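Each chain, written out:
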Amino acid sequence: DKHKMERFMPPPGGFFAASVFGPVTYTPSPILVFRQRKIEGEPSSLEMVAIGSMLGSDADRIIIKRIVLTGYPTRVHKRHATVKYMFYNPDDVKWFKPAGLVTKHGLQGNIEQSVGEHGTMKCLFNAPIKQHDTVCLPLYKRIFPKFVPVIKEEAAAGDESKTVRSIRNRDVLIVK
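Residues numbered from 1 in each chain as written. Predicted model: local features only at pLDDT ≥ 70, side-chain atom pairs only at ≥ 80, totals over all residues. Heavy atoms only, no water.

S.K.: Outline the overall build of the protein, supporting the account with residue identities and numerical values.
M.R.: Summing up its helical and strand segments, the protein has two helices and ten strands in all. Start at the N end of the protein and walk to the C end: the helices and strands fall as β-β-β-β-β-α-β-β-β-β-α-β. Per-residue burial for the protein yields a buried fraction of 24% across its 176 residues. Sequence separation of 24 or more characterises 60% of the internal contacts of the protein that already satisfy a separation of 6 or more. (Helix = DSSP H or I, 4+ residues; strand = E, 2+ residues; numbered from the N terminus. Buried < 20%, exposed > 50% of the residue type's maximum accessible area, 1.4 Å probe, protein only. Contact = heavy atoms within 4.5 Å.)

Next up, the structure:
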């Protein structure tokens, strides 16, 4: 149950799943997602940005953020290549040595050793690599949903830093 994190919602009509901290709810209850609109000179209003239904509560569902480090082969000899611009010091090359490499043209490879003091490395691929190919190292990290505490506005009316309005101004989607 791995799901890719999306930074932005898809265009209208697209499907997506959102993870939130909220009250215990059972399927198939309806969900409405609102965002607080801020217009200068007017009172703030809520704008509905999504509707849907509850998928289910699953503690094993995880959200994964993916980034890709890229480098370029500078010297190529059949299946071996010297790759630059992916790392900037030899310690990083040593740290990521067990990770597998892929190229834009579909080759698989591994880091063999670090070369020099600027993060250059020797790599071995499963087939001959071309000079114009790009070497990629995909990295994954587990992400947790943002937790926004709910504070009664009238209880904290004197302190602006802890009101619901100031918490919602951080552009966090409020699910009701």
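S.K.: Describe in detail a nonpolar patch on the surface, supporting the description with residues and values.
M.R.: Together, Leu32, Met48 and Ile51 make up an exposed nonpolar region whose accessible area comes to about 300 Å². With respect to the element layout, methionine 48 can be found in strand S3 (residues 45-53). (Patch = residues over 30% accessible without salt bridge, like charges linked within 9 Å, V, L, I, M, F, W, Y side chains within 5 Å. Areas by Shrake-Rupley, 256 points an atom, 1.4 Å probe, with all protein chains shown as cover. Salt bridge = Lys/Arg side-chain N within 4 Å of Asp/Glu carboxyl O.)

S.K.: Please set out the environment of proline 98 residue by residue, giving values where relevant.
M.R.: Checked against the element boundaries, proline 98 lands in the loop between helix H1 (90-95) and strand S6 (100-103). The class for proline 98 is exposed, based on a relative accessible area of 72%. Taking C-alpha positions, proline 98 is 9.4 Å from glutamate 112, a pair spaced 14 residues apart along the chain.

S.K.: Describe the pattern of salt bridges, listing the residues and the values that go with them.
M.R.: In total, this model carries one salt bridge according to the counting rule given. With a shortest N-O distance of 4.0 Å, glutamate 47 and arginine 37 are connected by a salt bridge. Pair noted here: glutamate 47 is in strand S3 and arginine 37 is in strand S2 (residues 30-37), with a separation of ten residues, a long-range link.

S.K.: Please give an account of the nonpolar core that cites residues and values.
M.R.: Core analysis: the biggest nonpolar cluster contains 16 residues, and Phe87, Leu101, Met121 and Phe125 have the highest contact counts within it. Of all the elements in the fold, those that place two or more residues in this core are strand S5 (80-84), strand S8 (120-125) and strand S9 (135-143). Among residues more than four places away in sequence, those in contact with methionine 121 are Ala81, Thr82, Val83, Met86, Phe87, Val93, Ile111, Gln113, Ser114 and Val115. (Core = buried A, V, L, I, M, F, W, Y, C linked by side-chain atoms within 4.5 Å.)

S.K.: Before we move on, can you summarise the packing of aromatic side chains with the specific residues and values?
M.R.: Inspection of the entire model under this criterion finds one aromatic pair. Between the aromatic rings of phenylalanine 87 and phenylalanine 96, the centroid separation amounts to 5.4 Å while the plane-to-plane angle is 10°, which identifies the pairing as stacked. Look at phenylalanine 87 and you get buried, because its relative accessible area is 4%. (Phe/Tyr/Trp six-rings, centres within 6.5 Å; stacked < 30°, edge-to-face > 60°.)

S.K.: Could you give me a rundown of the pairing of S9, with the residues and numbers involved?
M.R.: In the sheet, strand S4 (residues 62-77) pairs with S9 via nine bridges, with the strands oriented antiparallel. From the neighbouring strand, glycine 71 faces S9, where its bridge partner is valine 135. As judged from the two bridges shared by S6 and S9, these two strands associate in the antiparallel manner. Pairing of threonine 103 across the sheet is with valine 135, part of S9. (Pairing = 2+ DSSP bridges.)

S.K.: Describe the confidence of the model for the protein, listing the residues and the values that go with them.
M.R.: Taken over all residues, the pLDDT of the protein has a mean of 81, while the share at 70 or more is 84%. Counting interchain partners and residues more than four positions distant, the pLDDT-below-50 stretch residues 160-176 has 34 contacts. (pLDDT = per-residue confidence, 0-100.)

S.K.: Hey, could you go over the environment of glycine 52 for me, with residue numbers and the actual values?
M.R.: On the secondary structure map, glycine 52 appears in strand S3. Sequence-distant contacts of glycine 52, that is, excluding residues within four places in its chain, are made with Ser29, Pro30 and Ile31.

S.K.: Tell me what's going on with unusual backbone geometry, and back it up with residues and numbers.
M.R.: Cis geometry marks the peptide bond from threonine 27 to proline 28, where omega comes out at -10°. Positive phi, normally seen in glycine, also occurs at lysine 78, with a value near 55°. Mapped onto the secondary structure, lysine 78 falls in the loop between S4 and S5. Classification of lysine 78 by relative accessible area gives exposed; the value is 61%. In the Ramachandran plot, tyrosine 85 falls in the positive-phi region, its phi being about 70° despite a non-glycine side chain. Within the secondary structure, tyrosine 85 is located in the loop between S5 and H1. On the basis of relative accessibility, which here comes to 53%, the residue tyrosine 85 falls in the exposed class.

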